[in-house]
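# A look at the structure
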Amino acid sequence: MIITPKALTDNRLSKEELAEDKDRCLHAGPCGLGKKAIYLNSFYIDRMYYVKYEDIDRIFKRVAMSKGGFTGKGIFGSIPYLVVQLKDGREKQCNFKIEDDVDALLHRFEIEHPDIPTHSVEAEKRLREAEEEERKKYLKELSPEAEKTVSKLERAKDYLKQQPEKADRLAFCAKQKRTLEAIHPTYRLIAVLILLAGVASSIWGIIAVSQHLMNGSIYFVLFGFAAILFAMASRVLPTGRSNRKYGEEEWERALQNQENNIKHADAFPLPAYYAHPIVLDRMIRAIKMGRAYNSDEALQVVKDDLKALNPSVTVTQKEYDEVVVVKPLFALMEYR
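The structure displayed is predicted, hence computed values, not measured ones.

Secondary structure summary: the chain contains 11 helices and 8 strands in total. By its C-alpha atoms, the chain is 85 × 50 × 40 Å across when sized along the principal axes. The 336 residues of the chain split such that 41% are buried. Restricting to contacts in the chain with at least 6 residues of sequence separation, those with at least 24 account for 61%. On the chain, roughly 20,000 Å² of surface is accessible, and the fraction owed to carbon and sulfur atoms is 55%.

Across the chain, the average pLDDT comes to 89, with 95% of residues at 70 or higher. The model gives residues 66–76 a pLDDT under 50, and that stretch makes 9 contacts with residues more than four places away or in other chains.

Two elements, strand E1 (residues 6–7) and strand E5 (residues 49–52), share 2 bridges in a ladder whose sense is parallel. Its bridge partner lying in E5, Ala-7 is registered against Tyr-50. Direction of pairing for strand E4 (residues 37–40) relative to E5: antiparallel, over a ladder of 4 bridges. Paired with Leu-40 across the two strands is Tyr-49, which belongs to E5.

The subject of this paragraph is the state of the cysteines. All told, the structure shown has 0 disulfides when counted by the stated rule. Here Cys-25 is not disulfide-linked; the sulfur of Cys-31 is the nearest cysteine sulfur, at 9.6 Å. Overall, Cys-25 belongs to the buried group, its relative accessible area being 8%. Cys-25 provides the cysteine sulfur closest to Cys-173, a residue in no disulfide bond, and the two sulfurs are 20 Å apart.

The subject of this paragraph is the side chain of Arg-188. With respect to the helices, strands and loops of the structure, Arg-188 is situated in helix H6 (residues 185–211). Of the side chains with opposite charge, Glu-181 comes closest to the buried, unpaired Arg-188, at an N-O distance of 10 Å. Aside from chain neighbours lying at most four places away, what touches Arg-188 is Leu-180, Ile-183, Val-236, Leu-237, Pro-238, Ser-242 and Asn-243.

Attention now moves to the sheet that holds strand E3 (residues 31–33). Spatially, the 5 strands line up as an open sheet ordered E1-E5-E4-E3-E2, and their pairing is mixed. One side of each edge strand has no neighbouring strand; the edge strands of this open sheet are E1 and strand E2 (26–28). Summarising the sheet, E3 and E4 pair through 2 bridges and their orientation is antiparallel. Within E4, the residue paired with Leu-33 across the bridge is Ile-38. This element, helix H2 (residues 99–112), spans E2, E3 and E4 of the sheet and lies at about 20° to E3.

What follows deals with the packing of H2 against helix H5 (residues 164–182). A packed helix pair is summarised by two numbers, namely the angle formed by the two axes and the spacing between the axes. One way to put it is that H2 packs onto H5 with a least axis distance of 11 Å and a crossing angle of 170°. Judged by the inter-axis angle, H2 sits roughly antiparallel to H5. Judged by the twist between their axes, the crossing of H2 over H5 is right-handed. The segment H2 lies against H5, with Asp-100, His-107, Arg-108 and Ile-111 engaging Pro-164, Glu-165, Asp-168 and Lys-175. Grouping the amino acids of the contact of H2 with H5 by side-chain chemistry returns 2 nonpolar, 1 polar and 5 charged.

Once that is clear, we can look at the environment of Asp-57. Turning to its location among the elements, Asp-57 is positioned in strand E6 (residues 56–65). Taking the C-alpha atoms as reference points, Asp-57 and Thr-118, 61 residues apart in sequence, are found 9.6 Å from one another. If sequence neighbours within four positions are ignored, Asp-57 has contacts with Gln-85, Leu-86, Lys-87, Ile-116 and Pro-117.

Moving on, we get to the nonpolar core. Of all hydrophobic cores here, the largest spans 42 residues; its most connected members are Trp-251, Phe-268, Met-283 and Phe-330. Only helix H4 (144–160), H5, helix H8 (244–262), helix H9 (277–288), helix H10 (295–308) and helix H11 (317–332) provide two or more residues apiece to this core. It is H9 that contributes the most residues to this core, 7 residues altogether. Once you skip the residues sitting within four places of it in the chain, Phe-268 turns out to touch Ala-156, Tyr-159, Leu-160, Ile-262, Ala-275 and Leu-280.

Let's shift gears to the packing of H9 against H11. Between H9 and H11, whose axes approach to 10 Å, the crossing angle comes to 115°. Judged by the angle between their axes, H9 and H11 are roughly perpendicular. The two elements H9 and H11 cross, and the hand of that crossing is left-handed. Contacts between H9 and H11 pair Ile-278, Val-279, Arg-282 and Arg-285 from the former with Lys-318, Glu-319, Glu-322, Val-323, Val-325, Val-326 and Phe-330 from the latter.

Quick look at H10 now. For H10, spanning 14 residues, the distance from its first C-alpha to its last is 20 Å, which sits close to the expected 20 Å at 1.5 Å a residue. Inspection of H10 places Ser-295, Ala-298, Leu-299, Val-301, Val-302, Lys-303 and Leu-306 among the buried residues, and these make up the whole buried set. Buried residues in H10 make contact with H4, H9 and H11. Put simply, Asn-294 is the residue that caps the front of H10, since its side-chain oxygen is 3.2 Å from the backbone nitrogen of Asp-296.

Definitions and limits used
Residues numbered from 1 in each chain as written. Predicted model: local features only at pLDDT ≥ 70, side-chain atom pairs only at ≥ 80, totals over all residues. Heavy atoms only, no water. Helix = DSSP H or I, 4+ residues; strand = E, 2+ residues; numbered from the N terminus. Buried < 20%, exposed > 50% of the residue type's maximum accessible area, 1.4 Å probe, protein only. Contact = heavy atoms within 4.5 Å. Areas by Shrake-Rupley, 256 points an atom, 1.4 Å probe, with all protein chains shown as cover. pLDDT = per-residue confidence, 0-100. Pairing = 2+ DSSP bridges. Disulfide = S-S within 2.5 Å. Lys, Arg positive; Asp, Glu negative; His and termini not counted. Salt bridge = Lys/Arg side-chain N within 4 Å of Asp/Glu carboxyl O. Axes fitted to C-alpha atoms, helices over the stretch in contact; angles between N-to-C directions. Parallel < 35°, antiparallel > 145°, perpendicular 65-115°, else oblique. Left-handed = near helix turned anticlockwise from the far one by under 90°. Nonpolar A, V, L, I, M, F, W, Y, C, P; charged D, E, K, R; others polar. Core = buried A, V, L, I, M, F, W, Y, C linked by side-chain atoms within 4.5 Å. Expected span 1.5 Å × (residues − 1). Polar contact = N/O pair within 3.5 Å; in protein donor to acceptor, adjacent residues only side chain to side chain.

Structural data, given as structure tokens:
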């Protein structure tokens, strides 16, 4: 390890345990999940601190809005944080650049450490209230066909949860593929031109400064570095992992892995490209609400609900958390 992470509590790992756990931890943005501890960032350095799981009281996402973010206009927007509350009452807040990285970390954390809450106290209260309202919509008694279908869907969901990384990878690759396909080639060309202009400006500025060729040559260096950083931050530069071919290959690989996974299940009720526990959860709820009576009808209800959602529709936190994960699967397959 170049930099040894510092423990935030007195409960520490040995030097050997720490080195092995950090090297093998699952990276999510600037943080990471190891087998024995979670690794947290400082403002500048990724995975600079660590906390053993038994010292964590609660972990959740917090989203702040920068000035102008509430208008939905301009370059300002939401700022995502991961908040780790310790059992000694202290709190560590980690800033993320990408909100999806926080969601992915919390999703994996919830699977591996179900005994630790992954919502704030206020959010838990709202979720309980939403669940109570949802249960009021359930039928008091299901038909034999509906009962049989629910049992089948529950078994399928339990089967997928035995290897959750396959469903997570499928959803991630679907979202990645759609994102890469949405980047217009013109934007990539503009980003490349800005990068080249920045490099040229920086080189010329450095030469001019070193040889005293002209006054103000330092501004060429500053402009060049600013252009380079802008082009890199745009996330549209064509790279080995930022192109349509890569997105397609990753999606096909994730889909093939899920197909190989569900073919061992007994009469799995979903095609591989929709094989995610959240999809099955939504199907089960559709049946319990009397909106469907078998698997085909329930899947159609899920498709219709997801297709009807757009940025102008207000949903609960639970609905939002589900939709951001599975809607890319359906959108990618054009809801077929």
